[in-house]
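Each chain is listed here by its residues.
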Number of protein chains: 2
Amino acid sequence: MARTAGSDGERTQAAIRDAAVNLIARYGYEAVSMRQLAAEVGVQPAALYRYFPTKEDLLYDLMTAHMNALVASWETARPATGDATALLAAFVRNHINFHVERRHSTHVNNMELRSLSRDRLSTILRLRAGYEKELRQILRQGADAGLFTVEDVTLTAMAIIQMVTGVIVWFRPDERLSVAEVTDTYHKMTMRLVGARNA
Amino acid sequence: MARTAGSDGERTQAAIRDAAVNLIARYGYEAVSMRQLAAEVGVQPAALYRYFPTKEDLLYDLMTAHMNALVASWETARPATGDATALLAAFVRNHINFHVERRHSTHVNNMELRSLSRDRLSTILRLRAGYEKELRQILRQGADAGLFTVEDVTLTAMAIIQMVTGVIVWFRPDERLSVAEVTDTYHKMTMRLVGARNA
DNA sequence: CAGATAATAAAACGAACGTTCAATTAATTC
DNA sequence: GAATTAATTGAACGTTCGTTTTATTATCTG
């Protein structure tokens, strides 16, 4: 057999992306074989190569999509007006919501960086650095305005990023806490962490 | 050839553990082959199997050693007297010092859990849960004594753990900051995060 | 110094890996 | 409705994987 009835390139490609994110998040990039992925999609292994020339191309595609979506998400959510306290609140809320909604691709982006070639790793890290810079600017602005107590902007930014991204490690929706409750508590903790005067 | 001059089982086993931690931390468990590991140790692949029956046995050995060392480290460092504020300060200091000193094995323990069998995963997670329980008890004690503001003990414990463990992701000694400076800043941030009244 | 044991080498096993290529069929175009 | 293009299959490629087996040599024991 060859082309199957009702087959559609775009749908197949989307199905590959979807299955890949789920499998890689669960078993890890190296542990997932192209055969396993093809079986999950319901296709022969060779068919994957029509859409992604190599396994690493597929991984890179998933990671760039994730990072671009994250940056775009903050661009949309960032308040046009407001002081550093308002900005930081919006940042934390957006960050947690985005990552909880995309647990699997977040996992892939955090765990599989070492499977990228040098150039591609650099590109992903550059996107990430740009996003983190937004947080540092908020912290600096708050410190300069006398709203925050921040010993070291870079260090505090990393601490906050690690803390809020860590939500996806343990949090599962439909449990004891709702996303809104978690976001709310993290917001309060973040405000205390930076010693916000007007939170 | 066979047994080499000056060969010693204990030294070889230690060399295997050491090389394995470094290689797995850098390239990932799945990406490191037994041949690559043997080459790093300076031995033939078959020799590894005298010390570790399977590749997974080796991984499990590294992980249990790490977790046992962590628990033992806190047992030694925990103050015999002192209120929740003193306990939390000691916990954060010990946690950061331990993990910075053992960056590579921490990385292995955080990244390679999914390569363990179910039973072994359970064992590691149980050790980890016991350690995290110590932090929750400190937080509860501080909250009950009116020293801390804690919205949710479990959630705050996870936030603190993620924040302080995250140090190893970006921190490299011999840089802009010393370990002591980093620990000091994290201590202050933690105290503010829990709203400590007497820090 | 002989015998036992510990430590390793050398070679091979079958299985699984990422990937390629030619053939084949479905859908689209003219 | 014939020609073209898109989508996929089926089979195979060479390589690498974790692991096992057997032989060999160094060291230790009495």
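Cut-offs and rules
Residues numbered from 1 in each chain as written. Chains lettered and ligands numbered in written order. Predicted model: local features only at pLDDT ≥ 70, side-chain atom pairs only at ≥ 80, totals over all residues. Heavy atoms only, no water. UniProt positions renumbered as here; feature names shortened; annotations may be inferred. Helix = DSSP H or I, 4+ residues; strand = E, 2+ residues; numbered from the N terminus. Phe/Tyr/Trp six-rings, centres within 6.5 Å; stacked < 30°, edge-to-face > 60°. Lys NZ or Arg CZ within 6 Å of the ring centre and 35° of its normal. Least-squares fit on C-alpha atoms with pLDDT ≥ 70 in both. Contact = heavy atoms within 4.5 Å. Domains from an automatic or database assignment. Buried area = accessible area lost by both parts, 1.4 Å probe. Salt bridge = Lys/Arg side-chain N within 4 Å of Asp/Glu carboxyl O. Polar contact = N/O pair within 3.5 Å; in protein donor to acceptor, adjacent residues only side chain to side chain. Buried < 20%, exposed > 50% of the residue type's maximum accessible area, 1.4 Å probe, protein only. Axes fitted to C-alpha atoms, helices over the stretch in contact; angles between N-to-C directions. Parallel < 35°, antiparallel > 145°, perpendicular 65-115°, else oblique. Nonpolar A, V, L, I, M, F, W, Y, C, P; charged D, E, K, R; others polar. Arc of directions from axis to C-beta.

Under an unreviewed UniProt entry, the name given to chain A is TetR/AcrR family transcriptional regulator, and the organism recorded is Neoaquamicrobium sediminum.

**Here's the deal with the UniProt feature "domain: HTH tetR-type" (unreviewed entry) in chain A**
Under the present numbering, the feature "domain: HTH tetR-type" (unreviewed entry) in UniProt falls on residues 10-70 of chain A. Helix makes up 75% of residues 10-70 of chain A and strand 0%, whereas the separation of the span's terminal C-alpha atoms amounts to 23 Å.

**Overview of the packing of aromatic side chains**
Under the definition given, this model contains six aromatic pairs over all chains. Centre to centre, the rings of W74 of chain B and F91 of chain B are 5.1 Å apart; their planes meet at 75°, and the pair counts as edge-to-face. Placement of W74 of chain B in helix α4 (residues 55-77) and of F91 of chain B in helix α5 (residues 84-101) is noted, with a sequence separation of 17 residues between them. Ring pairing ties together the aromatic residues W74, F91 and Y131 of chain A, which thus form one cluster. Over the aromatic face of Y29 of chain A sits the side chain of K55 of chain A, whose NZ or CZ is 4.5 Å from the ring centroid.

**Observations regarding the relation of the copies chain A and chain B**
For the pair chain A and chain B, the best superposition has an RMSD of 0.1 Å and corresponds to a rotation of 180° with a translation of 0.0 Å parallel to the axis. Such values leave the two copies arranged in the relation of a two-fold axis. When the interface residues of chain A are mapped onto chain B, 100% of them again lie at the interface, so the same face is used by both copies.

**Focus on the domain arrangement of chain A**
Residue and element names in this part refer to chain A. Split by domain assignment, chain A resolves into domain 1 (1-53) and domain 2 (55-193). For domain 1 and domain 2, the distance between their C-alpha centres works out to 29 Å. Opposite the 15 residues of domain 1 that make contact, domain 2 presents 13 residues. When domain 1 packs against domain 2, the two sides together hide about 1,400 Å² of surface, and 70% of this comes from carbon and sulfur. Where domain 1 packs against domain 2, one counts one salt bridge. Counting every contact that joins domain 1 to domain 2 gives six residue pairs in polar contact (both at pLDDT 80 or more).

**Considering the side chain of T183 of chain B**
For T183 of chain B, the position within the fold is in helix α10 (residues 179-193). In this structure T183 of chain B touches R93, I96 and N97 of chain B, once residues within four positions along its chain are discounted.

**What to know about the pattern of salt bridges**
One side chain can pair with another of opposite charge once the charged atoms of both are near each other. Evaluated as defined, the whole model comprises 16 salt bridges over all chains. R176 of chain B is paired through a salt bridge with D152 of chain A; the nearest N and O atoms lie 2.8 Å apart. Here the residue R176 of chain B occupies a position in the loop between α9 (167-170) and α10, and D152 of chain A occupies one in the loop between α7 (118-144) and α8 (153-165), the pair thus bridging two chains. On the basis of relative accessible area, D152 of chain A is assigned to the buried category, the value being 12%. One salt-bridge network, in which partners are shared between bridges, spans E56, D57 and R120 of chain A.

**Thoughts on the packing of helix α1 (residues 9-27) of chain A against helix α4 (residues 55-77) of chain A**
All names here are of chain A. Contact geometry for α1 and α4: axes closest at 11 Å, N-to-C directions at 90°. The angle between α1 and α4 places the two elements in the roughly perpendicular class. Here α1 contributes I16, R17, A20, V21 and I24 to the contact with α4, which in turn contributes L58, D61 and L62. Tallied by class, the residues present in the contact of α1 with α4 amount to six nonpolar, no polar and two charged.

**Quick word on helix α2 (residues 34-41) of chain A**
All names here are of chain A. By the burial criterion, the buried members of α2 are M34, L37 and A38. The buried residues of α2 occupy one face: seen down the axis, they fall within an arc of 100°. Those residues of α2 that are exposed and angled more than 90 degrees off the buried face are R35, A39 and E40. Buried residues along α2 sit against α1, α3 (45-48) and α4. Downstream of α2 by one or two residues, G42 has phi in the positive range, about 90°.

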